Amino acid sequence: MRALVGTHYHFRRAVPVALRPLFGKTEFWISLKTGNKSEAGLSAMALHARTSALFRTARTMTDQPRTSPSPRTTF
């Protein structure tokens, strides 16, 4: 999400509940360092993509290891 705070836009993205302990926060607020709405929109889209990738990676790293079936014994 893009939000105008004063004269500059900021990017805001909530951290998924399951990942909050990992990141130690409930949301990301990042200044887009511009007052231009269209420029802020492009930056916000790029940050959304990057945070989505970050969340995907964090989920795969925190998933419980899957137990494989026990090997069959052949005689």
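The following paragraphs examine the structure supplied in this document. Everything numeric here is computed off the predicted structure, so don't read it as measured data.

## Points about the pattern of salt bridges
Scanning the entire structure with this criterion turns up 1 salt bridge. The salt bridge involving R12 is made with E27; its shortest N-O contact spans 2.8 Å. Separated by 15 residues along the polypeptide, R12 in strand β2 (residues 8-14) and E27 in strand β3 (residues 27-31) bring together distant segments of the chain.

## Brief notes about helix α2 (residues 37-62)
A rise of 1.5 Å per residue sets the reference length of α2, with its 26 residues, at 38 Å; its end C-alpha atoms lie 36 Å apart and thus fit the reference within 8%. Here α2 has its buried residues at A40, G41, A44, L47, T51, S52, F55 and A58. The inward-facing, buried residues of α2 abut β1 (2-5), β2, α1 (20-23) and β3.

## Details of the sheet that holds β1
Overall, antiparallel pairing links the 3 strands, which are arranged β1-β2-β3 in an open sheet. Unpaired on one side and paired on the other, β1 and β3 mark the two borders of the sheet. Across this sheet, the average inter-strand angle for adjacent strands is 30°, counted without regard to direction. Where β1 and β2 come together, 4 bridges link them in antiparallel fashion. Counted as the bridge partner of R2 is F11 from β2. The strands touched by α2 are β1, β2 and β3; relative to β2, the strand with the most contacts, the crossing angle is about 25°.

## Remarks on the nonpolar core
Counting 6 residues, the largest nonpolar core consists of Y9, F11, L32, A40, A44 and L47. Elements with a contribution of two residues or more to this core: β2 and α2. In terms of residue count, α2 provides more of this core than any other element does, 3 residues in total. When neighbours within four sequence positions are excluded, F11 is seen to be in contact with M1, F28, W29, I30, L32, A44, L47, H48 and T51. Counting residues in each nonpolar core, the second largest holds 5 residues, with V15, L19, F55 and A58 among its members.

Definitions and limits used
Residues numbered from 1 in each chain as written. Predicted model: local features only at pLDDT ≥ 70, side-chain atom pairs only at ≥ 80, totals over all residues. Heavy atoms only, no water. Salt bridge = Lys/Arg side-chain N within 4 Å of Asp/Glu carboxyl O. Helix = DSSP H or I, 4+ residues; strand = E, 2+ residues; numbered from the N terminus. Expected span 1.5 Å × (residues − 1). Buried < 20%, exposed > 50% of the residue type's maximum accessible area, 1.4 Å probe, protein only. Contact = heavy atoms within 4.5 Å. Pairing = 2+ DSSP bridges. Axes fitted to C-alpha atoms, helices over the stretch in contact; angles between N-to-C directions. Core = buried A, V, L, I, M, F, W, Y, C linked by side-chain atoms within 4.5 Å.

That is the geometry; function is a separate question.
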